[in-house]
Structures are given as C-alpha cells and as structure tokens.
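# Coordinate inspection notes
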Amino acid sequence: MLATKPDVGQYELVVGMEVHAQALTKSKMFCRCATDYQGSPPNTRVCPVCLGMPGALPVINRAAVEATIKTGLALNCTIADTAVFARKNYTYPDLPKGYQISQYELPLCINGFLEIDMEDGSTKRVRIRRVHLEEDTGRSVHEGGYSYIDLNRAGAPLMEIVTEADIHSPEEAYAYLTKLRATLRAIGVNSGDMEKGALRCEPNISIRTHEQKAQGEYGTKVEVKNLNSLRSVRSAIAYELERQATVLTSGGSVEQVNMGWDEEKQRTVVQRSKEDAHDYRYFPEPDLPPLQVSREEVAQIAATLPELPGARRDRYEREWGLRRVEANVLTSESQVAAYYEQGVAAYGTGDGKPQRMATWLTGELFRLLYADGEGQDLRQIATVKVQPGQLAALLKLVDDKVINPNTAKRVLETMYATGDDAAAIVEREGLAMVSDTSVIDQSIAEIFAANANELERYRGGEEKLFGFFMGQVMRATKGKADPAAAKARLEELIKG
Ligand SMILES: [Zn+2]
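Because the structure is predicted, anything quoted here is derived from the model rather than measured.

## Regarding helix H11 (residues 405-418)
Spanning 14 residues, H11 covers 20 Å between terminal C-alpha atoms, matching the ideal 20 Å at 1.5 Å per step. Three or more residues of H11 are buried, namely Thr 407, Ala 408, Val 411, Leu 412, Met 415 and Tyr 416. Its buried side turned inward, H11 meets helix H9 (353-371), helix H10 (388-399) and helix H12 (422-429). By the N-cap criterion, in which a side-chain oxygen at the helix start approaches the backbone nitrogen of a residue two or three places on, H11 is capped by Asn 404, the distance to Asn 406 being 3.1 Å.

Pasting the structure below:
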C-alpha cells in the first residue's frame, strides 16, 4: 500500500488527543460497587444502578469529582462553578442503560495546558480543551464464535482529557502522553497502566497542506482507537501521516473513519463504525442535579496537590545543578524521585553530589533493574534491595578513595543481589583500593621485568605504549589500584 513513499514534508500533521483515564476511587461513579473488579468473575461487581435497571437512581461519587478537579488543577485548567451531567444516547451491548452519563456543554474543567519537553531541549505547551467526568461502559468478549458481555467495568469513573489540535509529530504525541501519565500518577488519580486499560488514548489524526494551514483549514481526520501502549500511539500516528500523504499525493481523499491498530502488522485498519452519523441527542441528566463546585473546595483540593513532575524537574536543575536528561528521568515516576531524594539526603548536596547520585541511580542501578526484567516499570525501584542510604554509602567509599569507580560497580551488583552494605562487601571480598605506593611500585617493577621489549620501545619514543603499561598495572592489582596513584607512579618510574 505504501509502495512509493510520499513527500510528507509538504503536509503538516495535526493531532488532537483524547485520553480516557480511570479515576482511582474505591467505588464506581454512581453506585457503591467496588472498582477492584480486575480478575473478578464476570458480572459479579454489579448492582441495579450500574446494570441500568429501571427505577435505579445514580448518586455522584464525590471522590471521582475530587480526582477530576485535581487533574484539572494539575493541567492548569479553569474549574467550573457548575458542571452538568448529560446523557449521551446510543445503543450498544456494553451499555446497559442505552445511554452513558457524561458531561457535554458544561464540563468540570476547561482551558488548561500541559508543558512538554521537545528534543531540542525547549518546552512546548499543548492546550487542554476540557477534562470531564463520565462513566465507563462494560466489555464485550468474543470467544469461540460467541459474544459475551461483562458489566463489571460498567459505571467505573472515567476522566476524559481532550487537547486542542496542538500536536504536530509522533514524538510530540509520545512526549505529551508520557508527561500526562507521569502527572496523573504523581497526583494519585490514575494508575497509568495502559495494558490494563486504565489509560486509553485515541488520537485524532489529519494532515493539511501549508496553503490550507494559511487559510485556517483542516484536513479530514481519522480517529485511531484501542491503542494500548505509548509506543503504539507513536507508531500509529507515524503510519497515518504517511498513509494520508500517500492518498492525497495520488489525488485521492482521506475518508473520515475510525481505525484500529494492528500491532503485528504495524498498520492501521478500518473499523466498522458504531454509527455513521453521531447524533447522541445529549440532554441534561434528569436524575442528577447540576454539580456545584465552591471556590473553597477548589482551594482545599489545590492545597493537597503534591509537587508536579515539571516543577520537581526544574527544582533539581536549579538547586542541585542536575542535567536536564537525568532530571527528566528522575521525575518521571514519583517512586524514582522519592528514592533519589532519600539518596541525596543521605549523601549530601555539596561538591556535585546530587549529580553523582543521579548518574549512579539512572546509570548503574537502572542497568541492574533492566537486566532484571523490571526496567519496563521504573516504579519497581521502590522494591530493590539496595536502599537509598546504602547507595549513598557506596558513593562515599568512592569519594574517600576506599574503592575505585570500577570496583564500586561490581560492589553494587552484589548489593543488588544481596542487600548487603557496601563496606561489608568490600571487607569480605578484599576490594579496598591499593593506593600504597610501595605496593604499586613493586607491581610496576615486575611488569617492567616481564616486558623489557615494550619498555625499550617506549623509551625509544613509542609513547602510546603507556596505555599498555597502565593496563598491566591495573591487572596486576586486580583492578584495585588507585588509578591516579598508579598513573603518577608509572609516569615517574617509566622514565628510567
Ligand atoms: Zn453498581
């Protein structure tokens, strides 16, 4: 289909993102049913309200409203004084009432923004059009030629977060979603688990020529559904950019359809649309009063907001002189930030120590976490055997020249496996650094004797052999020689 690559450069990619994030509450949106239905037998976490029985009346879940206000505040939105729940009418097997309670004309939060980091180090604002609250649908399960319905999820609280069409590349979409997920996790309103469906992304994707852009016109948009990883969102957008450019370049027109993403074939596929003309006949929900939000309540919720990832990142750079790349990684998950800050508290803040702690944490400790198969989820840092204070103690041994950095990496591996203290491992395995010059001099003398030929060539002007001798010294001391001391002694003695 994409046999000839189109010139995508003549088009501008325009993406708006819709994200459905399940609010972390104990009970569902309008009833007392528990939201911990993952793994429960089908249709066991239900009641007359979420089953849509006639006469059952909904009651608003206060915790879901607070989570949404919190989200709105974290996304720099204006919180409405009055929000109105509305019925969105459509017929589908997973929707027992025949309508979904959502918010339409008067959502809870509007006009916000989220700052994302661009590759060149700059930041960009993606405007948030609205954040509203609604109930989730049930799930259809298709097996062995039959279709089943599981309504455990029906009525779970969902926050829908909608951006303006401000995203112009697959990488920007990825950066936006990464930042959004980190923010939602940091404020504790969503688990961020995309593979469990707790965060679902639906990009609206279109392209337009630069002339259309000048005229303020947009191309026909395609919505891609059922994306279950950040990577697949990025891939789907990149694929659509090329597909739509191919269609337009060859004189065709893009059709307005819903697409799915085929992970195996790495391509979008047309899905049969639920209904062609979207006429949901929204009207205000007669069973629920308008939701009044007082300014006092908003202020109270604002006071509970923790430091957000962007602010924390800026603080690390400003106060501790961290590089942007590490500051971003450290603030991507609150568990990582907590580990890091405990590490710095134990290690100290002077002499570039926060940067050194950051380098070791994101370099060596994360490497072990990845090798352990846990690296996909950096939140696992909270469960590693090496405590932040133990990592700090290891770095102090390096600073005090008890061990050299290479030995420290090996010690950290043992710490990771056993949870033992660095000092105990150094003692037990005899790893303390050799900076005793008499020991080093002795090694050098032996090496010179064994490599008389090389020594002669060096003295004859082949200076690059210095590295060879340095390697021999480190090997002779089993890597424990203080590199600076060894180099100084070698420089002295090699002159002859
Ligand atoms: Zn229920």
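What follows continues from the structure just given.
## Here we look at the coordination of the zinc ion
Coordination of the zinc ion by the protein comes from Cys 31 (SG), Cys 33 (SG), Cys 47 (SG) and Cys 50 (SG), over a distance range of 2.3 to 2.4 Å. In primary-sequence terms, the residues that donate to the zinc ion follow C-x1-C-x13-C-x2-C. You can see Cys 31 sitting in the loop between strand S1 (11-22) and helix H1 (62-74) and its partner Cys 50 sitting in the loop between S1 and H1, a full 19 residues away along the chain.

## What about the nonpolar core?
Considering soluble globular proteins, one finds that nonpolar side chains tend to be buried as a cluster. Of all hydrophobic cores here, the largest spans 69 residues; its most connected members are Met 17, Ile 161 and Tyr 176. Here this core takes 8 residues from helix H4 (residues 230-249), the largest share from any one element. Excluding residues that lie within four positions of it along the chain, Met 17 makes contacts with Ile 161, Val 162, Thr 163, Ile 167, Ala 173, Tyr 176, Leu 177, Cys 201, Glu 202, Pro 203, Val 233 and Ile 237. Among the nonpolar cores identified, the runner-up in size contains 39 residues, and Trp 320, Leu 368, Leu 391 and Leu 397 belong to it.

## Section: the sheet that holds strand S5 (residues 99-103)
The sheet built from 3 strands is open, its strands ordered S5-S4-S15 with antiparallel pairing. Every interior strand has two partners, whereas the edge strands, S5 and strand S15 (283-284), have only one. The sheet contact formed by strand S4 (residues 85-89) and S5 spans 5 bridges and is antiparallel. Bridge pairing links Lys 88 to Gln 100 in S5.

## So, the pattern of salt bridges
According to the stated counting rule, one finds 40 salt bridges in the structure shown. Notably, a salt bridge pairs Arg 200 with Asp 136, separated by 2.9 Å at the nearest N-O pair. Here Arg 200 is found in strand S11 (residues 199-209), whereas its partner Asp 136 is found in the loop between strand S7 (123-135) and strand S8 (139-143), with 64 residues between them in sequence. Judged by its relative accessible area of 21%, Arg 200 is partly exposed. The salt bridge partner of Asp 399 is Arg 356, with a shortest N-O separation of 3.3 Å. Remark: Arg 356 occurs in helix H9 and Asp 399 occurs in helix H10; sequence separation between them is 43 residues. For Asp 399, a relative accessible area of 31% corresponds to the partly exposed category. Overlapping salt bridges, with partners in common, bring together Asp 117, Arg 313, Asp 314, Glu 317 and Arg 324 in one network.

## Things to note about the pairing of strand S9 (residues 146-150)
Inspection of the sheet shows S8 paired to S9 by 5 bridges, in the antiparallel sense. Residue pairing across strands places Arg 139 opposite Asp 150, the latter belonging to S9. In textbook terms, the turn of a hairpin is the stretch between consecutive antiparallel strands, and for S8 and S9 this stretch comprises 2 residues, one of which, Gly 144, has a positive phi near 50°.

## Considering the packing of helix H13 (residues 437-450) against helix H16 (residues 483-494)
Helix-helix packing: each pair is described by the crossing angle between the helix axes and the interaxial distance. Look at H13 against H16: their axes get within 10 Å of each other, and the N-to-C directions meet at 50°. The angle between the axes of H13 and H16 places the two elements in the oblique class. The hand of the H13/H16 crossing is right-handed. Residues Thr 437, Ile 440, Asp 441, Ile 444 and Phe 448 of H13 form the contact with H16, whose own contacting residues are Ala 485, Ala 486, Arg 489, Leu 490, Leu 493 and Ile 494. Counted by class, the contact of H13 with H16 contains 8 nonpolar, 1 polar and 2 charged residues.

Thresholds applied
- Residues numbered from 1 in each chain as written.
- Predicted model: local features only at pLDDT ≥ 70, side-chain atom pairs only at ≥ 80, totals over all residues.
- Heavy atoms only, no water.
- Helix = DSSP H or I, 4+ residues; strand = E, 2+ residues; numbered from the N terminus.
- Expected span 1.5 Å × (residues − 1).
- Buried < 20%, exposed > 50% of the residue type's maximum accessible area, 1.4 Å probe, protein only.
- Contact = heavy atoms within 4.5 Å.
- Polar contact = N/O pair within 3.5 Å; in protein donor to acceptor, adjacent residues only side chain to side chain.
- Donors = N, O, S within 2.8 Å, 3.2 Å for Na, K, Ca; no water.
- Core = buried A, V, L, I, M, F, W, Y, C linked by side-chain atoms within 4.5 Å.
- Pairing = 2+ DSSP bridges.
- Salt bridge = Lys/Arg side-chain N within 4 Å of Asp/Glu carboxyl O.
- Axes fitted to C-alpha atoms, helices over the stretch in contact; angles between N-to-C directions.
- Parallel < 35°, antiparallel > 145°, perpendicular 65-115°, else oblique.
- Left-handed = near helix turned anticlockwise from the far one by under 90°.
- Nonpolar A, V, L, I, M, F, W, Y, C, P; charged D, E, K, R; others polar.

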